Amino acid sequence: GRGVTGDYQGPEFYMPFEILQYQQGKFVNKRLLADFSSIDGVNTGYMFAYMYYQCHSYNSNVVGAIDLSNIKSLNNGLICLSMFEECDGITSVDLSGLETVYGNSVMKRMFYNARSLVSVDLSSFSRIDGNGQVMQQMFYGCSSLEELVMDSLSTNNCYSGDIWNSVCYGCTSLRKFSAKKLPGVNKNNCFSSAFYNCTSLTNVDLRSYNIAGMYTT
């Protein structure tokens, strides 16, 4: 079955994903590794929520690169809520297979204050459906993140605002943000504070985004 194995200066343990969601922040002093290779879609809310929360490198929890490339869809609310929040042991995440996201706050705070994160591959990400806050604060405080490219994202059916609220807030190393096929939506606060304090940002490509009808941006 699906599970997680790890080493915490003691016996090996096995933790099913179905109950891992309730272990919020309890693996701070452990080395936590997970094999996601058999998972191509997730339909259960909170499935990965808080999974690597506060997984600190100074506690020898060097996670490094995470391969989530087999996951094609996230189809429920809060699936990846704070999954890597304050995890400074993570450097890169491969989400190159992810195509569709549906639900409320699916990736909210997913990498919040993950200060060692340099790159995330979202090259196939093409469709958002559902409620708002889908990517709210997703990369907030990721001060090592250098670029964010979502050039396949061409469908956005969210029916409330705050979709990308503070998405890259405080990403001081971010040089490029590109979502050139992203259509505009008639909702307020979609990009509120999205690039606040992005002091290195020189390239933003939202060429298809039409803000007509929006009263707050």
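Residues numbered from 1 in each chain as written. Predicted model: local features only at pLDDT ≥ 70, side-chain atom pairs only at ≥ 80, totals over all residues. Heavy atoms only, no water.

Caption draft 1: Broad picture of the sheet that holds strand 5 (residues 64-67). Strand order in the open sheet made by the three strands is 5-7-9, with parallel pairing throughout. For this open sheet the edge positions go to strand 5 and strand 9 (119-121), each flanked by a neighbour on one side alone. Each neighbouring strand pair of the sheet contributes to a mean axis angle of 15 degrees, computed without reference to strand direction. Taken together, the three bridges between strand 7 (residues 90-94) and strand 9 define a ladder with parallel strand orientation. From the neighbouring strand, aspartate 94 faces strand 9, where its bridge partner is aspartate 121. (Pairing = 2+ DSSP bridges. Helix = DSSP H or I, 4+ residues; strand = E, 2+ residues; numbered from the N terminus. Axes fitted to C-alpha atoms, helices over the stretch in contact; angles between N-to-C directions.)

Caption draft 2: Main features of the confidence of the model for the chain. Residues with a pLDDT of 70 or more make up 73% of the chain, whose mean pLDDT is 78. Every residue in residues 1-31 scores below 50 in pLDDT, and together they form 68 contacts with partners more than four places removed in sequence or on other chains. Low confidence marks residues 212-217, where pLDDT is under 50. Its contacts with residues over four positions away, or in another chain, come to 12 contacts. (pLDDT = per-residue confidence, 0-100. Contact = heavy atoms within 4.5 Å.)

Caption draft 3: Broad picture of the packing of aromatic side chains. Applying the stated criterion across every chain yields a total of 13 aromatic pairs. Ring geometry for tyrosine 50 against tyrosine 53: centres 5.6 Å apart, planes inclined by 75 degrees, an arrangement best described as edge-to-face. Look at tyrosine 53 and you get partly exposed, because its relative accessible area is 21%. When the ring of phenylalanine 84 is compared with that of phenylalanine 111, the centres are 5.3 Å apart and the planes differ by 0 degrees; the resulting orientation is stacked. With phenylalanine 84 in the loop between strand 6 (73-74) and strand 7 and phenylalanine 111 in the loop between strand 8 (100-102) and strand 9, the pair connects residues that are 27 residues apart, well separated along the chain. Given the relative accessible area of 0%, phenylalanine 111 is considered buried. (Phe/Tyr/Trp six-rings, centres within 6.5 Å; stacked < 30°, edge-to-face > 60°. Buried < 20%, exposed > 50% of the residue type's maximum accessible area, 1.4 Å probe, protein only.)

Caption draft 4: Representation of the side chain of aspartate 129 within the structure. Of note, aspartate 129 is situated in strand 10 (residues 127-130). When sequence neighbours within four positions are dropped, the list of residues in contact with aspartate 129 reads Val101, Tyr102, Gly103 and Asn157.

Caption draft 5: Region of interest: the sheet that holds strand 13 (residues 176-178). The strand order 11-13-14 describes an open sheet built from three strands, whose pairing is parallel. Looking at strand neighbours, the two that pair on one side only are strand 11 (147-149) and strand 14 (203-205), the edges of this open sheet. Recorded for the sheet is a direction-independent mean angle of 5 degrees between the axes of neighbouring strands. Where strand 11 meets strand 13, three bridges bridge the pair, whose relative direction is parallel. Its bridge partner being in strand 13, leucine 148 is matched across the sheet by phenylalanine 177.

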